[in-house]
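Overview (structure and organization)
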Amino acid sequence: MDWTALRLSALLGLCTLAILLPVAVWLGRSLALRRFPGRAVVEAAVALPLVLPPTVIGFYLLVAFGGRSPLGQGWQAVFGHGLAFSFEGLLLASVLVNLPFAVQPVQNAFAAVPKELREAGAVSGMSPWSVLLRVELPLAWPGIATAAVLSFAHTLGEFGVVLMVGGSIPGETRTVAIAIYDRVQAFDEGAAAAMSAVLLGVSMVALGLTSILSRRVGRRTVDA
Amino acid sequence: MPDGSAVATTAKPGLTVRLRAAGPIPLDLDLACAPGEVLALVGPSGAGKSTALRCLAGLHRPETGRVICNDAVWLDTGTGVDLPPHRRAVGMVFQDYALFPHMTALGNVAAAMGHLPRGRRHDRARELLTLVRLSGLEERRPAEMSGGQQQRVAVARALARDPAVLLLDEPFSAVDRATRRQLQEELAALRRVLSIPVLLVTHDLEEAAALGDRICVLHHGRGLQTAPAAELLARPVSAEVARLLDLRNIFRGKVERHDPTSGVTLLRWGERTVRAEHAPAFAPGETVDWLVAGAAVIPHPQDLSTACKGENSVVGQVSALVGLGGAMRVTLKITSPEGGTLSFDMPLHAARTAGLVVDKKFAVALLRDGIHLMRQIPTS
């Protein structure tokens, strides 16, 4: 069992959530409630990681992180090391790849909050911010929690993109999914089996939670 | 200055509203509602009643308009003032109540008390729930309450922010008949302790007449007439208003001449001359719509041959009889070239004595003071 890889994966998952969730709440809510030009394009772009092969995503990210791109050069100038094959690069990739898993449940949850409730909040004297915190989020939280669970589980399991942009540097970019692959390559089936079992367990728990939460979303809105 | 709004040039207590919009929802409406007054907006569905209310709350923006409440300007498209809903001191009851499903009754009411210090909110919310007769149900969630109870929570929540205006959007439409009557009585009692303008949107004229001090009739977003119910029913300004109020016996005629000495205006109606109350506002030769109130249609005591010589007597053939409790609604097809039908109620026993049956010929007289003339409004 590669504990370093497991710890790295968990860290990557948590950091991904910390960045991804606020972005997903903002983006999902905007997509659910606002009509703006280019909305369909944004929706398509968010869903793109679902259909693109991870190697394709990884390739483009690698190009974007590289020394010849403005992003890669800027990062190098500020932090003194490249974005590719680093934990930060892996984190950024993870956030992007997980967008559809986070945005879509959030979007559905906000779309299910009746418009009248937001209006009722406003005519009750609540500022838009207060309506968000006291009316929308309490009603949409099962969707947000679903987004968190799905993204976390998916981050642990991501393989192709991680291999492309992160390589397999122990303690820096070697996540548990990569470690399993390495162990199999080295004919260390015992370690591969143990780590696979951990991922299987986490995925089962995640899906169980998701199904419980999605039922809650339904119940909340029917009450309204 | 509360909410940083500008001072109105003409500070008049209460609410003054002017709304204009070409589409998609047309509006052409001027309203004024004094503190303590209940103004009912009535009209068929799609008349723009709810949209007008939403303009006041700040949930909808008209093309041009002004909304002034006491000394605060909430909306003035001329100067670009448009306060968001949370900065307008309105309380609003939604048609489906829109209670927050994740909060208790107490929580719903307290949620609208952002202006009070945190420690005072629950006590005040309890007071309001007691006012709407819901004490004991503070901890219930909306899903655990009946429709009538939910409506009361919605009323308490609307009052919770100490609004300067109370807006009620079809507040009784989602409950059964018995509950509706009870809630209406409670609102009638509640309004006596309120000293703010109350706007009630309803499609039910009886409800508007029972609860409103004045009624504004809306159609296609246009305010056609605003008046107390009795005046509205007796003297609608146009045939359009009369039809919206479900008044019958509307005809078209031409002013023949005035006879001020006998207090009569003579009206040409087909081949007949109808004698109406003196109405000097209408010029001789002018084509007018006129109506006669059902109560002013009197069964003629004499037989048919002499009846024809009496004032405003009309002979017709009974085309329908509908029993309504103690009264009989009679529809009479007028048997002369001008045609049309007259509708009026008769006590059941009188109808029986007169031997009324369908197809029977029957004479009635139109009482002069029940005849009301209406100017024709050119249709654009």
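**Comments concerning the nonpolar core**
Residue and element names in this part refer to chain B. If you look at the biggest cluster of nonpolar residues, it comprises 48 residues, and the most contacted ones within it are Val109, Leu129, Leu166 and Ile215. Broken down by element, the residue count for this core peaks at seven residues, all from helix 4 (residues 147-160). The residues touching leucine 166, leaving out its near neighbours within four places in the chain, are Gly91, Ala158, Leu159, Leu194, Ile196, Pro197, Val198 and Leu199. Counting 45 residues, the second-largest nonpolar core is a separate cluster that includes Leu29, Leu56, Leu59 and Met103.

**Some points on the packing of helix 1 (residues 3-33) of chain A against helix 7 (residues 128-157) of chain A**
Residue and element names in this part refer to chain A. Two numbers describe how helix 1 lies on helix 7: the axes approach to 9 Å, and their chain directions differ by 135°. Here helix 1 is positioned oblique relative to helix 7, judged by the angle of their axes. Helix-helix and strand crossings are classified by hand; for helix 1 and helix 7 the assignment is right-handed. On the side of helix 1, the interface is formed by Ser9, Ala10, Leu12, Gly13, Leu14, Thr16, Leu17, Leu20, Leu21, Val25, Arg29 and Leu33, while helix 7 contributes Leu132, Glu136, Leu137, Ile144, Ala147, Ala148, Ser151, Phe152, Thr155 and Leu156. Of the residues that constitute the contact of helix 1 with helix 7, the class distribution is 15 nonpolar, five polar and two charged.

**Thoughts on the confidence of the model for chain A**
Per-residue pLDDT for chain A averages 88, and the proportion of residues at 70 or more is 96%. Counting interchain partners and residues more than four positions distant, the pLDDT-below-50 stretch residues 220-224 of chain A has 11 contacts.

**Quick notes on the domain arrangement of chain B**
All names here are of chain B. The domains assigned to chain B are domain 1 (15-89 + 163-243) and domain 2 (250-375). With centres defined by C-alpha atoms, the gap from domain 1 to domain 2 works out at 35 Å. At the junction of the two partners, domain 1 supplies eight residues and domain 2 supplies six residues. Summed over both partners, the interface of domain 1 with domain 2 comes to about 520 Å²; 67% of that surface belongs to carbon and sulfur atoms. Taken together, the links from domain 1 to domain 2 amount to zero salt bridges.

**Brief notes about the interface of chain A and chain B**
Reports of interface size often rely on the accessible area that becomes lost once the parts have come together. Contacts between chain A and chain B engage 20 residues on the former and 19 residues on the latter. With both chains or domains summed, chain A and chain B bury close to 1,600 Å², and 68% of this area falls on carbon and sulfur atoms. Connecting chain A to chain B are one salt bridge. Residues arginine 54 of chain B and glutamate 119 of chain A are paired through a salt bridge, measuring 2.7 Å at the closest nitrogen-oxygen approach. Where chain A touches chain B, the interface holds four residue pairs in polar contact (both at pLDDT 80 or more). Taken together, the elements giving at least two residues each to the side of chain A that touches chain B come down to helix 6 (115-123), helix 7 and helix 10 (189-223) of chain A.

Cut-offs and rules
Residues numbered from 1 in each chain as written. Chains lettered and ligands numbered in written order. Predicted model: local features only at pLDDT ≥ 70, side-chain atom pairs only at ≥ 80, totals over all residues. Heavy atoms only, no water. Core = buried A, V, L, I, M, F, W, Y, C linked by side-chain atoms within 4.5 Å. Buried < 20%, exposed > 50% of the residue type's maximum accessible area, 1.4 Å probe, protein only. Helix = DSSP H or I, 4+ residues; strand = E, 2+ residues; numbered from the N terminus. Contact = heavy atoms within 4.5 Å. Axes fitted to C-alpha atoms, helices over the stretch in contact; angles between N-to-C directions. Parallel < 35°, antiparallel > 145°, perpendicular 65-115°, else oblique. Left-handed = near helix turned anticlockwise from the far one by under 90°. Nonpolar A, V, L, I, M, F, W, Y, C, P; charged D, E, K, R; others polar. pLDDT = per-residue confidence, 0-100. Domains from an automatic or database assignment. Buried area = accessible area lost by both parts, 1.4 Å probe. Salt bridge = Lys/Arg side-chain N within 4 Å of Asp/Glu carboxyl O. Polar contact = N/O pair within 3.5 Å; in protein donor to acceptor, adjacent residues only side chain to side chain.

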